[in-house]
Amino acid sequence: MRSIAVVSGFTYNVNPARILFGLGASANVAAEVSSLGCSRALVLSTPFQASDAERLAANLGPVAVGVFTQAAMHTPVDVTENAMAAFEAANADCVIAVGGGSTIGLGKAIAYRNDAPQVVIATTYAGSEVTPILGQTENGLKTTVRHAKILPEVVIYDPELTLGLPVAMSVTSGLNAMAHAVEAVYAENRNPVTSLMAVEGVRALRDALPGIVENPESIEARSEALYGAWLCGAVLGTVGMALHHKICHTLGGTFDLPHADTHAIMLPHSAAYNAPAAKGEMQPLTDLFGSSIGGGLWDFAKSLGAPMALRELNVRDVDLDHATEIATRNPYWNPRPIESQAIRELLQQAFEGRRPE
Ligand code: NAD
């Protein structure tokens, strides 16, 4: 008989969520607004997706009482204040966010202030739609809050709405999603269910992203990627993140780097750093990518044409000492102790885009 071990104890706080997944799921927006007890929605988007937001509002008719298309990366507080004014001027009673993490962040920022119910139509793989976390910026400073009011009430995943996500963004956004799941398998407060979701999320994205690169209009690949993104986002919203997210947040904030690209570049290196300390937890991921998780993720990212080196993002090598200092300051819990010299070497590898050994 195979030997079995005692299941480690755990505490699992599940985020309440209503998820509608599938082709055509976005046709249900009006019914979802109504089931929340609402009837006057402010539709949100970035300027880039303004036409999607306008089209949705036109389809919704009187349920859409306004459209605000100025959502921006990192949720600047002055944009939120303008959106709050639009919400009040339209006498809205809920928000509908159509887009990626930037638009979703704006909807969350409104809900954090006035508890407006949120319907989110997620069109990237970043995962913000299923987390109770809001990062916002004011005077160049990004702060993060976690609160039940921030978690969107309804999330709609309609693969058709992701067909227009440019290939390069699909790749980096998909790797960003994978990074949530990679950190979830070794999270301090992981549990058997979050680990299953994390591995399945990475598996789905591993299978889907090459298909998107080959044919961005492949509905099969798009739906598989979105399914994986949901799983990866769900674990991001449930368990704690570690070294990888700490490095990406501090580098992103200090050097004003693009969010998804930074995650994409750093992931193989942070995974390689933690692999010796979380061998068992990471084994199912190693099995998905080959003999070494860091090298396997690096090969995978390269095969997709992802950015591979921090220097491509205009980080300079003279910045690396400072980057090490801020990445190691007030560290998040991490399975492997944070060793400054090893983090400096990790950043050097990521700067040059070298394959981690
Ligand atoms: P994004 O929302 O900034 O989108 C990038 C651009 O792509 C935007 O112009 C957007 O309108 C456009 N776009 C999005 N989907 C599209 C589609 N299907 N077709 C065509 N264009 C599309 O990018 P993101 O990576 O999703 O979000 C990044 C932001 O989200 C960052 O500010 C990050 O901090 C935040 N974030 C927050 C959490 C959280 O839990 N709080 C999680 C992940 C990311």
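Residues numbered from 1 in each chain as written. Predicted model: local features only at pLDDT ≥ 70, side-chain atom pairs only at ≥ 80, totals over all residues. Heavy atoms only, no water.

Here we come to the site of the ligand. Taken together, 23 residues are adjacent to the ligand, and Thr46, Ser102, Thr123, Thr124 and Thr131 come closest. Contacts to the ligand include Gln49, whose side-chain N or O atom sits 2.7 Å from an oxygen atom. Contacts to the ligand include Gly164, whose backbone N or O atom sits 3.4 Å from a nitrogen atom. Calculation on the ligand without its partners gives an accessible area of 870 Å², and the protein chains cover 88% of this total. (Near = heavy atom within 4 Å. Polar contact = N/O pair within 3.5 Å; in protein donor to acceptor, adjacent residues only side chain to side chain. Areas by Shrake-Rupley, 256 points an atom, 1.4 Å probe, with all protein chains shown as cover.)

For helix 5 (residues 167-185), with 19 residues, the first-to-last C-alpha span of 27 Å sits near the 27 Å given by 1.5 Å per residue. Of all 19 residues in helix 5, 16 are buried, a share of seventy percent or more. (Helix = DSSP H or I, 4+ residues; strand = E, 2+ residues; numbered from the N terminus. Expected span 1.5 Å × (residues − 1). Buried < 20%, exposed > 50% of the residue type's maximum accessible area, 1.4 Å probe, protein only.)

Residues Val154 and Ile156 of strand 8 (residues 154-157) are buried on one face, and the alternating residues Val155 and Tyr157, pointing to the opposite face, are buried as well. Note: strand 1 (residues 18-21) against strand 8, four bridges, orientation parallel. Among the inter-strand pairings, Arg18 is bridged to a residue of strand 8, identified as Val154. Where strand 5 (residues 118-122) and strand 8 come together, three bridges link them in parallel fashion. Bridging from a neighbouring strand, Ile121 pairs with Ile156 of strand 8. (Pairing = 2+ DSSP bridges.)

Now for the packing of helix 9 (residues 259-274) against helix 13 (residues 340-352). Two elements in contact, helix 9 and helix 13, have axes whose closest approach is 9 Å; the angle formed by their N-to-C orientations is 145°. Viewed along their axes, helix 9 and helix 13 form a crossing whose handedness is right-handed. In this structure, helix 9 uses Ile265, Met266, His269, Ser270 and Tyr273 to contact helix 13, whose residues at the interface are Ala342, Ile343, Leu346, Leu347, Gln349 and Ala350. The class makeup of the residues in the contact of helix 9 with helix 13 is eight nonpolar, three polar and no charged. (Axes fitted to C-alpha atoms, helices over the stretch in contact; angles between N-to-C directions. Left-handed = near helix turned anticlockwise from the far one by under 90°. Contact = heavy atoms within 4.5 Å. Nonpolar A, V, L, I, M, F, W, Y, C, P; charged D, E, K, R; others polar.)

On any regular strand, side chains alternate: one points to one face of the sheet, the next to the other face. For strand 4 (residues 94-99), the buried fraction is high: six of the six residues fall into the buried class. Following the chain from strand 4 across helix 4 (residues 101-114) to the adjacent parallel strand 5, one finds a crossover that is right-handed. (Right-handed = clockwise from strand over helix to strand, strands pointing away.)

Moving on, we come to the side chain of Thr238. Mapped onto the elements, Thr238 comes out in the loop between helix 7 (219-236) and helix 8 (243-255). One polar contact links the side chain of Thr238 to the main-chain carbonyl oxygen of Ala234, over a distance of 2.6 Å. Sequence-distant contacts of Thr238, defined by excluding residues within four places in its chain, comprise Tyr12, Asn13, Asn15, Arg146, Asn189 and Thr194.

Quantified by volume, the second largest pocket comes out at close to 400 Å³. Contributing elements (two or more residues each) for the lining of the second largest pocket: helix 6 (192-214) and helix 10 (279-289). Top contributing element to the lining of the second largest pocket by residue count: helix 6, with four residues. (1 Å grid on protein atoms, 1.4 Å probe; cavity = no way out; pocket = protein on both sides within 12 Å on 5 of 7 lines; lining within 4 Å. Points joined across faces, edges and corners; volume = space filled by probe spheres on them.)

Attention now moves to the packing of aromatic side chains. As enumerated under the stated definition, the model contains three aromatic pairs in all. Taking the centre distance of 6.5 Å and the plane angle of 50° together, the rings of Tyr227 and Trp230 count as tilted. Taken together, the residues Tyr227 and Trp230, both in helix 7 and three residues apart, mark about one turn of the helix. Classification of Tyr227 by relative accessible area gives partly exposed; the value is 24%. What makes Trp230 partly exposed here is its relative accessible area of 25%. For Arg311, the ring lying beneath its charged end belongs to Phe351, and the centroid distance is 5.6 Å. Directly above the aromatic system of Tyr273 lies the positively charged group of Arg336, at a separation of 3.7 Å from the ring centroid. (Phe/Tyr/Trp six-rings, centres within 6.5 Å; stacked < 30°, edge-to-face > 60°. Lys NZ or Arg CZ within 6 Å of the ring centre and 35° of its normal.)

Honestly, that's just the spatial picture; any functional story needs more than this.
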